[in-house]
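# Observations on chain architecture
Next come the chains, spelled out residue by residue.
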Protein chains: 2
Amino acid sequence: MGHAGTIGIVGGGQLGRMLTLAAKPLGYSVVVLDPSDTCPAAQVGAEVITGDLYDAAAIAQLAERVDVVTVEIEHLNTDALADIAAAGVPVHPAPQTIKLIQDKYQQKVFLRDHDIAVPEFAKVDSVQEAHTVLDSFGGSMILKARHGAYDGRGNAVVSAVHELPAAWSRLGGKHLYAEKLVDFDKELSVVVARDRASAVRLYDVVEMAHERNICLEVIAPAQISSTAAQRARTLAKQVAAQLQGAGVFAIEMFLTKTGDVLVNEIAPRVHNSGHHTIESCVTSQFEQHIRAVAGLPLGDVSLRSPAVMVNILGTQDGRPSLDMSDVLRDGHVYVHWYGKAPIKIDRKMGHITAIGGTVQQAKTKARRARKKLAI
Amino acid sequence: MGHAGTIGIVGGGQLGRMLTLAAKPLGYSVVVLDPSDTCPAAQVGAEVITGDLYDAAAIAQLAERVDVVTVEIEHLNTDALADIAAAGVPVHPAPQTIKLIQDKYQQKVFLRDHDIAVPEFAKVDSVQEAHTVLDSFGGSMILKARHGAYDGRGNAVVSAVHELPAAWSRLGGKHLYAEKLVDFDKELSVVVARDRASAVRLYDVVEMAHERNICLEVIAPAQISSTAAQRARTLAKQVAAQLQGAGVFAIEMFLTKTGDVLVNEIAPRVHNSGHHTIESCVTSQFEQHIRAVAGLPLGDVSLRSPAVMVNILGTQDGRPSLDMSDVLRDGHVYVHWYGKAPIKIDRKMGHITAIGGTVQQAKTKARRARKKLAI
């Protein structure tokens, strides 16, 4: 029934779900590869190929059924993606770009090699090396797993030499690197869309607040000086020019206390910092990504009104019981559940976006709404 | 996976589809009753009970699986709805309101009895009676089937006595009534939402353009005097006060050349005249309906920007081939396909909404977009 074609997505979580919700009105069918046949995307009409995201045969099977393959997550088999691309199935973004981003250390090297400002960082292959780097970074640093980390998993702040061994072993003791801690004022993100002809559009710079390394709140637009915003936009364009393939990317950055902007990391996909666009922008990041990978022209990225998004993280284990009456009594508040069960502590169960005449209005509404949800 | 509950919808066409797309983010599961298991709603994650909308057993089966039953169409078995309501399953809107609306003649009598302005009308049980009425209406009238008519099917304009017998037999020769032709300036619609506590909110008055009795274009807000808009709103409130049960209703009206506003008919459901609300309003009519029937508070109905919606009616029989590039190159244009196949002449295949700084901008974009679609 997808007259416009069929889009394949590796991963059927909340991002795959919101991509599917955007793809259907445009006339596309969606097939996702996901370990669960009741994944969030399946609940909104995506067909599911059940399988592991690192399973080359499953990725090949997905490719056979669709017109274009894209991803909702970077932790997957990029060699298998490269194979299907070589066999003629369009893959967006390019497998080599996803592969580069998978390795946070190589990602940083790549950015530095392209003269893009990043925090100081160094490879550390032993505790001894880590010790040396810690000294050179002034006695504190963040130790990071190069692969597979997300939502703060795989990071450890080290503020003293004696903390090093425990952090080292907690992160598995290999494939690690270190970054100098940035004394940042704010964390920023720019969602960038590239079409198949490499035309680029930038959404407004947003600011992100994290807790326990998990994104908790996104404020659109970022409440920063126009100079800082311009720096972030320039940096985002520099990064976008180095990426390959079509789609939406998020460029996460630090705004330092001295006003510099440094790239923290790139997500080769729709991103939590762009969820607000569903209600706040002319074209949502999800529709934008579908347009980009399907070879359609990009949509307008203008902000229609300020917005604040708050993630709904599980605060307990169990099954959710949702009374939304109190939340929705406040106008301009939107609730998005992802259809996940069970609730787990810090699991992303959904999000709330509030729009307002000002950022402050939206923030008040969004935070009040989050407090009212007993989950 | 619908933590918030399960909503049952009688009918799984495009309205059921757009209701489902709005229900899922709010955390609801959806089950629809529809003759086709590949109906538009099924494609976006609604489960389907396959059956006829007049089949009491199928409606009972739907009721067993859901927390609340609603409808996307008024042509269905209202006695079965009344039975399940009597058995304790909430049904919104109320079965008796749907039943009243099913009979266009009784609907008109009801409105007149409640002092709501309607065009002159009369029951006609024979060609002789029709002849008498035609004379009393000044020689022209519209003959209408009382039941089952939509999109202009079941209507016949009679402008001379000699046209009467053919019109009479074309409409089946029974269960007909006649309305005086209204010399209208514009056709208007007000989408109204009622919550379970009978609180009412009105969307902006829109104007509708029809061709061959099918809605072709909706302009929001209606380009009419503030006096006329106020009359339409007052009338819509009067009507809404007489309806029973929760949900979204559309009140279609005529604005006459002398500035009067008369009610044409009521739809006990989301309506084509409200499709623009997806992009143009704080709360879409679809989310609003879900909120209303689920017992949640109503959302804000404010218009965020002017909008024009154009229906995509099939212009040929066959399978659609969709190249949307040209359409989407124009910013602020949204395409909604309903996943129907095959194309049939005058079948509603989808719609386009354009938003703009002014109605004129939106109209230009929407019409240009429609012309670019070869379907």
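Placed above this text is the structure.
For the structure given in this document, a descriptive report is provided here. (Residues numbered from 1 in each chain as written. Chains lettered and ligands numbered in written order. Predicted model: local features only at pLDDT ≥ 70, side-chain atom pairs only at ≥ 80, totals over all residues. Heavy atoms only, no water.)

## Let's talk about the relation of the copies chain A and chain B
Our working rule: The least-squares superposition of copies is restricted to C-alpha atoms, and to residues with a pLDDT of at least 70 in both copies. By the convention used here, residues are in contact when the closest approach between their heavy atoms is within 4.5 Å.
With an RMSD of 0.1 Å, the fit of chain A onto chain B corresponds to turning through 180° and sliding 0.0 Å along the axis. Both copies of the chain, as the preceding transformation shows, are related through a two-fold rotation axis. Within chain A, the C-alpha atom positioned nearest to the axis of rotation is that of Gly45(A), 2.0 Å from it. Here 100% of the contact residues of chain A are again contact residues in chain B; the copies associate through an equivalent surface.

## Observations regarding the sheet that holds strand β7 (residues 155-158) of chain A
Residue and element names in this part refer to chain A. Let me state the cut-off plainly: Paired strands are those between which DSSP finds at least two bridges. Numbering of helices and strands runs from the N terminus, with a helix taken as a DSSP run of H or I at least four residues long and a strand as a DSSP run of E at least two residues long. To get an axis, fit a line to the C-alpha atoms, keeping to the stretch in contact for a helix; angles then go from 0 to 180 degrees between the N-to-C directions.
On the basis of which strands lie adjacent, the open sheet formed by 4 strands has the order β5-β8-β6-β7 and antiparallel pairing. The sheet is open, and its two borders are formed by β5 (121-124) and β7, each paired with just one other strand. Each strand of the sheet is rotated relative to its neighbour by a mean of 25°, with strand direction disregarded. Alignment of β5 against strand β8 (residues 176-180), held across 4 bridges, turns out to be antiparallel. Paired with Val-124 across the two strands is Leu-176, which belongs to β8. Packing of helix α5 (residues 104-113) onto the sheet brings it into contact with β5, β6 (141-145), β7 and β8, and relative to β5 it is tilted by some 140°. Relative to β5, helix α6 (residues 127-136) is tilted by about 160°, and along the sheet it contacts β5, β6, β7 and β8.

## Quick look at the pattern of salt bridges
Residues and elements named next belong to chain A. The following threshold applies: Any Lys or Arg side-chain nitrogen located within 4 Å of an Asp or Glu carboxyl oxygen qualifies as a salt bridge. Relative accessibility under 20% of the residue-type maximum defines a buried residue, over 50% an exposed one, and the middle range a partly exposed one, all with a 1.4 Å probe and only protein chains included.
Following the criterion strictly, the structure yields 32 salt bridges over all chains and no others. Note that Glu-74 is salt-bridged to Arg-269, the shortest N-O span being 2.5 Å. Here Glu-74, found in the loop between β4 (68-71) and α3 (78-86), pairs with Arg-269, found in the loop between β14 (261-267) and α9 (277-280); they are 195 residues apart in sequence, far enough to count as distant. Given a relative accessible area of 14%, Arg-269 falls into the buried group.

## Description of the packing of aromatic side chains
Stated formally: Geometry of aromatic contacts follows a simple scheme: Phe, Tyr and Trp rings, the Trp one being its six-membered ring, pair when their centres are within 6.5 Å, and the pair is stacked under 30 degrees between planes, edge-to-face over 60, tilted otherwise.
According to the stated counting rule, one finds 6 aromatic pairs over all chains in the structure shown. Taken together, a centroid distance of 5.9 Å and an interplanar angle of 55° make the contact between Tyr105(B) and Tyr177(B) tilted. Of the two residues, Tyr105(B) sits in helix α5 (residues 104-113) while Tyr177(B) sits in strand β8 (residues 176-180), which places them 72 residues apart along the sequence. In this structure Tyr105(B) comes out as buried when scored by relative accessible area, which is 13%. Looking at Tyr177(B), the relative accessible area reads 0%, which means it is buried. Linked through ring pairs, Tyr105(A), Phe121(A) and Tyr177(A) together constitute an aromatic cluster.

## Details of the side chain of Glu252(A)
Relative to the elements of secondary structure, Glu252(A) occurs in strand β13 (residues 247-256). Not counting chain neighbours up to four residues away, the residues in contact with Glu252(A) comprise Leu188(A), Ser189(A), Met208(A), His210(A), Leu262(A), Val263(A), Asn264(A), Glu265(A) and His271(A).

## Focus on the packing of helix α1 (residues 14-23) of chain B against helix α10 (residues 285-294) of chain B
Describing two packed helices takes the angle between their axes plus the distance from one axis to the other. All names here are of chain B. Filter applied, for reference: What sets the label is the angle itself: under 35 degrees gives roughly parallel, over 145 gives roughly antiparallel, 65 to 115 gives roughly perpendicular, and the rest give oblique. By the convention adopted, Pro, Cys, Tyr, Trp, Phe, Met, Ile, Leu, Val and Ala count as nonpolar, Lys, Arg, Asp and Glu as charged, and the other residues, Gly among them, as polar.
Two elements in contact, α1 and α10, have axes whose closest approach is 8 Å; the angle formed by their N-to-C orientations is 75°. Considering their axes alone, α1 and α10 lie roughly perpendicular with respect to each other. Of the residues in α10, those touching α1 at Leu-15, Met-18, Leu-19, Ala-22 and Ala-23 are Phe-286, Glu-287, His-289 and Ile-290. Across the contact of α1 with α10, the residue classes tally to 7 nonpolar, 1 polar and 1 charged.

## As for the interface of chain A and chain B
To be explicit about the condition: Identification of polar contacts relies on pairs of N or O atoms within 3.5 Å, with a donor-acceptor requirement for protein atoms, meaning one able to donate a hydrogen and the other able to accept it, and with residues adjacent in sequence counted only if both atoms are side-chain atoms.
Listed as interface residues are 43 residues of chain A and, on the opposing side, 43 residues of chain B. Our count for the chain A to chain B interface comes out at 0 salt bridges. Between the two partners, chain A and chain B, sit 14 residue pairs in polar contact (both at pLDDT 80 or more). Broken down by secondary-structure element, the contributors of at least two residues to the side of chain A that touches chain B are α1 (14-23), α9, α10 (285-294), α11 (325-328) and β16 (333-337) of chain A. Each residue belonging to the side of chain A that touches chain B can be placed in one class, and the counts come to 21 nonpolar, 12 polar and 10 charged.

## As for the sheet that holds strand β6 (residues 141-145) of chain B
Residue and element names in this part refer to chain B. Taken in spatial order, the 4 strands of this open sheet run β5-β8-β6-β7, and their pairing is antiparallel. What marks the edges here is a single partner per strand, and that holds for β5 (121-124) and β7 (155-158). Here the strands of the sheet are splayed against their neighbours by 25° on average, with no regard to which way each runs. Two strands pair when backbone bridges link them, and β6 and β7 are joined in this way by 4 bridges, in the antiparallel orientation. Each residue of the ladder has a partner; that of Lys-144, found in β7, is Asn-155. Packed onto the sheet, helix α6 (residues 127-136) meets β5, β6, β7 and β8 and runs at close to 160° relative to β5.

## What to know about the environment of His147(B)
Residue and element names in this part refer to chain B. Inspection of the secondary structure puts His-147 in the loop between β6 and β7. Classification of His-147 by relative accessible area gives partly exposed; the value is 42%. Measuring from C-alpha to C-alpha, the distance between His-147 and His-75 comes to 8.3 Å, with 72 residues separating the pair along the chain. Beyond its immediate sequence surroundings of up to four residues, His-147 is in contact with Gln-102, Asp-103 and His-175.

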